[in-house]
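# Coordinates in review
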Amino acid sequence: GWLVGIPVPLVLMWAPSWNWILLANILLGANQALTWSMTVVMKVDLASPATFGRVIGWNEFAGYAGLAATAGATGLIASTLGLRPAPFYLGVALAVAGLLLSLLARETREETEAERPATRSSVGILTVLARGTWSNAQLAVASAAGLATNFKDGVLWGLLPMILVDQGMSLDRVGLVVGTYPLFWAVSQLYFGPLSDRVGRAGLIAGGLVAQGAGVGMMALGGGFGWFVLAAVVAGLGTGMVYPTLLAFVSDVAEPAWRASALGVYRFWRDSGYAAGALGGGLVADALGMTASLIVTAAVGGLAAAVFLSAAAPGMIHGR
């Protein structure tokens, strides 16, 4: 995965046309699928159901804290040295660091062998795909909740910088607002992940979806720099409530023999939200304006909360 990721900042640095930017995004998606997905599976392999929320919260914190720091750093670099190539030197360094760290990781399969014998029956990926999409109600609504969460991210990462620039904010302030969102998303997972181990998953997930919609709705109202920072905080906390908790929820429901496949199916639907949000949000923005796109996105969060509660067991924790 890191070998696939190393070319990404280089392509972005030297891209002569838009098609090269698209190629870099394809490589970045493959990098994430092979690296981030496996870190989640490996952490769950090493954890117990009573600590799924905690270990996934730490994993997601590490990832999104890095995202927040990089968003802020690249905004500052770009404001002083330009958009290309300077910000992407940081990307090259991080990709090389990821490759070197990956060489230190060891296989976790042995740790799960004692957990698997009772549920060793083979389950094909198409069967798990069906369970995560429609045949298992709890897994299906988790997939829908994850898709709605990343739908919002696809919209925000595409439109929010343009909205802020349209309001006359400098690039460093744009970077600070955009970085505030994943910062609170990242740090709050250290609290909400372990909390879900104690009080249950479903309530946190539904509440987080509502909070995300509220944060995006605040952005739709418009305002100054401080208002957008506050909106980013609300949306970030909502995402922090949902992100590790949904992964723990799926890990609760799936049996160990097909848990990795279930997590892969969930992440497939969840991360499809990035594409759906980017394309759908862009189409709505072109047709009705960027504010309308934010309003639609906020409504999607509220709808997803209602759908999730309709099928998820209230207060579900550790598979119960």
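Right, let's walk through the structure included here. (Residues numbered from 1 in each chain as written. Predicted model: local features only at pLDDT ≥ 70, side-chain atom pairs only at ≥ 80, totals over all residues. Heavy atoms only, no water.)

### Observations concerning the packing of helix H10 (residues 202–221) against helix H13 (residues 290–311)
Basically, it comes down to this: Lines are fitted to the C-alpha atoms to define the axes, a helix being fitted only along its stretch in contact, and any angle between axes, read from their N-to-C directions, falls within 0 to 180 degrees. A run of H or I in DSSP counts as a helix once it spans at least four residues, and a run of E counts as a strand once it spans at least two, with each numbered from the N terminus. Convention used here: angles under 35 degrees read as roughly parallel, angles over 145 as roughly antiparallel, angles from 65 to 115 as roughly perpendicular, and any remaining angle as oblique. Working rule for handedness: look at the near helix, and if it is turned counterclockwise from the far one by less than a right angle, call the crossing left-handed; if clockwise, right-handed. In this description, contact between two residues means that some pair of their heavy atoms is separated by no more than 4.5 Å. Classification used: nonpolar for Ala, Val, Leu, Ile, Met, Phe, Trp, Tyr, Cys and Pro, charged for Asp, Glu, Lys and Arg, polar for all others including Gly.
Contact pair H10 / H13: the axes reach a minimum separation of 8 Å and the direction vectors enclose 170°. Accordingly, the angle class assigned to the pair H10 and H13 is roughly antiparallel. Considering the relative orientation of H10 and H13, their crossing is left-handed. Across the interface between the two elements, Ala 202, Ile 205, Ala 206, Leu 209, Val 210, Gly 213, Val 216, Gly 217, Met 219 and Ala 220 of H10 pack against Thr 291, Leu 294, Ile 295, Thr 297, Ala 298, Gly 301, Ala 304, Ala 305, Phe 308 and Leu 309 of H13. Considering only residue class, the contact of H10 with H13 consists of 15 nonpolar, five polar and no charged.

### Digging into the packing of helix H2 (residues 7–14) against helix H5 (residues 86–102)
Where H2 contacts H5, the two axes come as close as 8 Å, and the packing angle between them is 165°. Between H2 and H5, the crossing angle belongs to the class labelled roughly antiparallel. Where H2 crosses over H5, the two elements pack in a sense that is left-handed. Only Phe 88, Tyr 89, Gly 91 and Val 92 of H5 make contact with H2, whose side of the interface consists of Pro 9, Leu 10, Leu 12 and Met 13. Looking at the contact of H2 with H5 residue by residue, the class counts come to seven nonpolar, one polar and no charged.

### Quick notes on the nonpolar core
Going by this rule: Only buried residues count toward a nonpolar core, which is a set of Ala, Val, Leu, Ile, Met, Phe, Trp, Tyr and Cys residues joined through side-chain atoms within 4.5 Å. Accessible area is worked out with a 1.4 Å probe on protein chains only. A residue is then buried under 20% of its type maximum, exposed over 50%, and partly exposed in between.
Within the largest apolar cluster, 61 residues are counted, with the highest numbers of intra-cluster contacts made by Leu 164, Leu 209, Met 219, Phe 228, Leu 246, Leu 294 and Phe 308. Setting aside residues up to four positions removed in sequence, Phe 228 forms contacts with Leu 160, Ile 163, Leu 164, Gln 167, Met 169, Val 177, Met 219, Gly 222 and Gly 223. In this structure, Val 8, Val 11, Leu 12 and Ala 24 belong to the second largest nonpolar core, which totals six residues.

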